[in-house]
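If you want the building blocks of each chain, they are given just below.
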Amino acid sequence: MDKKCLAIVISLFFIISIFPAFAEAQAVDSVQFCMAGENLRQRDGMDLIVAGIPHNLTIELNAPTDSITVLAQSSSDYPAANMTNTYNWSYEGTEWQDNLYTYFIDKNNSKRYGNTFCFNLGIINNATQGEWELTILVDGQKEWNESFIVEEPRASISFSGPNFYFNIEPYLTGFTDSYAPGDPANRSYFTTKNSGNVPLYFDISYDKYDNLFTTTNSSGLRHLGEEMTHYISFQAEKWSPRQFTVKGRVHGEPQMLVTPAMVSFILAPEAAFNVIVKVARPGFDIFQMSGLVVQYKSRLIAYYYDELQLDLYLTGTKNSHLSIDVEDLSLVGLLKEGLEISQPVSIQVNDETEIHIVATVNCSKAPPRGQPSMLTYVKYTAETDDFLDSGEFTTTIVVKAKTIAEDDDDIGLGPINKTVLLIIGLVLLLITIFMLAYHQKTKKEREREKKEKEETEKKKGKSKGYKGRRKKKWV
C-alpha cells in the first residue's frame, strides 16, 4: 500500500513539474524577414533587409491567436523615436496596422494562413543602417526577440560586352544579327546584371533608329543578382555609303518601393554601349566629311615591283576635288569611270550612285637589305568645291621583299644594292688574289733566305777547321 502511495506521489510530482514548461513554452515557432519576391538574405546569421523596400515578415505560431504586435528598433543610440529608428506594426482581430506612421504596411498584401502571419511591411529609405532589434508580442506577451540588419538601398547595373559592328552593303535592305546563326565563332553579345540590392525593371533602348533594333531580353523585372544575355539584331534601310554610331542604353528603374515618393531617393542606374553601323562595300573602309563620302581600302599587302589598282567609290551631296600623293611608291595613272584623268580630280557626286576612281601605283622601292618589309603610303586629300570642308585619309601598303626561293631573279635588293653587292664581290676577289700572290712571294723569300743561311754556315765551318790545325801543339 505504501508503495502505491509513493508511486502516486511521484507521478503527481512529475505532472506538476511539467506545468511550468507548458506555461513558459514560446508561442512562436519561427520568424523570417525576407524581401518580397526575393531569396532570403543574411549576414552574420541575421536576416538582412533593405530600407525603403517592402519585406515579408513571416511569423509561425504553435497556437491560434488574434493579436500579434511587432516592434522594430535600431540598436544605435537615438535621441527620439522617429521613422529612422522605431516602428510598431500589429494584427488585431482581422486588421493589419502601422501603429506609428500609417503607411509602412501593405494591408492588401499582408495575409494570414491559419497560425502563420505574413506582414508585408517596410521602413523608410533613410533608416539608420546597422543592427536592429525585433520583438514579437503574442496576446500582449513578449514571445520572441532577435536581431536583424538594415542596409541602405543601392540600385546598380553591371554591364559586360564589346562594341557592336554591323556592316551593311550600300543601297540594299537587309537584316543582320549579332547572334550569327550557324557561325558561333563570330557571335557577339553583352550581359547585364542587377548588382544592387533593389529589384529593378530593366529597359534597353537606342538613341537613333530605335525602331530598327531588336534586343533579346530587352525589358522586364530583374531580381537581385539576376544576369541576362543580350543579342542585337538590326534591320537596315536602303542607305548610301556612310558610317554612324548608335548609343545603346540600359536603364534600370527601382521597383517595389514602400511609397512612390521614395523613387526620388534611389537613383535609377544606367549603362551604355555603342553600335557602329558601316554602310560600305565588303572589305572597304569609310572616309566621310560634310558633303562627301569615300569608300577605300585602308591597308594592303604587296611585293616589291608589284603594281596595284586602288579602287575609290565616291558619293555625297557636294561636288568635290581629290588629289593623291605617294610615299615610297610610284603613281602610274588615274582613271575615273574608265577614262584617264590628271590631278586634282574633280568629282560631281550624288547620294544615288557611286563615282568610281582607280589609282594605279607601283611598289618601285624595295625594303632595305635585311628587312623583310616596309610601310609605304598613298595619301588622299579631299575638299568640297565650296571650300567649307576638307579632309585627309591614307592607304597603307606593306611592301614585302622578294626571297631567293621565288622564280623571279630579282630578289628585291634594288639597283643600288645590286651595284654595291657587285663591288663587294670584286673587292673580295682582289683580296683573295692579293693574298695568294703574297703567300707565293713569301714562300720564295723564305726559301732564298734558308739557302743563304746554309751557305753562310758552310763557309764558317771551313774557316774554323783551318785555324785549329795551325794552333795544335806537337808533343
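Below or above, wherever it landed, is the structure these notes cover. (Residues numbered from 1 in each chain as written. Predicted model: local features only at pLDDT ≥ 70, side-chain atom pairs only at ≥ 80, totals over all residues. Heavy atoms only, no water.)

Another aspect to go through is the overall build of the chain. Along the chain, the regular secondary structure elements total two helices and 33 strands. Relative to its 475 residues, the chain shows a buried fraction of 38%. Sequence-distant contacts, at least 24 apart, represent 67% of the contacts inside the chain between residues at least 6 apart. Accessible surface, the chain: about 28200 Å² in total, of which carbon and sulfur atoms supply 53%. (Helix = DSSP H or I, 4+ residues; strand = E, 2+ residues; numbered from the N terminus. Buried < 20%, exposed > 50% of the residue type's maximum accessible area, 1.4 Å probe, protein only. Contact = heavy atoms within 4.5 Å. Areas by Shrake-Rupley, 256 points an atom, 1.4 Å probe, with all protein chains shown as cover.)

Next up on the list: a nonpolar patch on the surface. Taken together, Ile423, Ile424, Val427, Leu428, Ile431, Phe434 and Met435 make up a surface patch of nonpolar side chains, about 690 Å² in accessible area. With respect to the helices, strands and loops of the structure, Phe434 is situated in helix H2 (residues 414-471). The class of Phe434 is exposed, set by a relative accessible area of 57%. (Patch = residues over 30% accessible without salt bridge, like charges linked within 9 Å, V, L, I, M, F, W, Y side chains within 5 Å. Salt bridge = Lys/Arg side-chain N within 4 Å of Asp/Glu carboxyl O.)

With that out of the way, let us pick up the sheet that holds strand S25 (residues 299-303). Pairing is mixed across the open sheet formed by five strands, whose spatial order is S25-S33-S32-S27-S30. Across the chains shown, the open sheet's two edge strands, defined by having one partner strand only, are S25 and strand S30 (345-347). For this sheet, the mean inter-axis angle between neighbouring strands, taken without regard to orientation, is 25°. Of the pairings in the sheet, the one linking strand S27 (residues 320-327) to S30 comprises three bridges and is antiparallel in character. Its bridge partner lying in S30, His321 is registered against Ser346. (Pairing = 2+ DSSP bridges. Axes fitted to C-alpha atoms, helices over the stretch in contact; angles between N-to-C directions.)

Okay, the nonpolar core next. Formed by 33 residues in total, the largest nonpolar core has its most connected members in Leu57, Ile59, Tyr87, Trp89, Phe119 and Ile123. If you tally residues by element for this core, the top one is strand S10 (residues 130-138), at four residues. In terms of nonpolar packing, the next biggest core, distinct from the first, is built from 31 residues, Leu312, Val345, Val349 and Val378 among them. (Core = buried A, V, L, I, M, F, W, Y, C linked by side-chain atoms within 4.5 Å.)

Another point: the packing of aromatic side chains. The full count for this structure, using the stated rule, is 31 aromatic pairs. On the basis of an interplanar angle of 45° and a centroid distance of 6.1 Å, the ring pair of Trp132 and Phe148 is categorised as tilted. Of this pair, Trp132 sits in strand S10 while Phe148 sits in strand S11 (residues 141-151), and the two are 16 residues apart along the sequence. Trp132 gets classed as buried once you look at its relative accessible area, which sits at 0%. Residue classification places Phe148 among the buried positions, given a relative accessible area of 2%. Through successive ring pairs, a cluster of aromatic residues spans Phe159, Phe164, Phe166, Phe190, Tyr206, Tyr209, Phe213, Phe234, Trp239, Phe244 and Phe273. (Phe/Tyr/Trp six-rings, centres within 6.5 Å; stacked < 30°, edge-to-face > 60°.)

Along the chain, Arg43 falls in strand S2 (residues 42-43). Residues Arg43 and Ile149 lie 106 residues apart in sequence; the distance between their C-alpha atoms is 7.6 Å. Once residues within four sequence positions are removed from consideration, Arg43 is found in contact with Leu48, Ile149 and Glu151.

Glancing now at the sheet that holds strand S20 (residues 232-236). Taken in spatial order, the three strands line up as S14-S20-S17 in an open sheet, and their pairing is antiparallel. One side of each edge strand has no neighbouring strand; the edge strands of this open sheet are strand S14 (174-177) and strand S17 (213-215). Going across the sheet, the axis of each strand differs from the next one's by a mean of 15°, ignoring polarity. In terms of strand pairing, S14 meets S20 through four bridges, oriented antiparallel.

Relative to the helices and strands, His251 is located in strand S21 (residues 242-254). Dropping the residues within four chain positions of it, His251 is found in contact with Ile157, Tyr201, Phe202, Asp203, Ala268, Pro269 and Glu270.

Okay, the pairing of strand S31 (residues 355-362) next. Counting buried positions along S31 yields seven of eight residues, so the element is predominantly enclosed. In terms of strand pairing, strand S26 (residues 307-316) meets S31 through eight bridges, oriented antiparallel. Bridge pairing in S31 places Gln309 opposite Thr360. As defined by bridge partners, strand S28 (residues 330-336) adjoins S31 across six bridges and the pair is classed as antiparallel. Directly across from Ser330, in S31, lies its bridge partner Asn362.

Everything listed here is a matter of geometry and, on its own, says nothing about what the molecule does.
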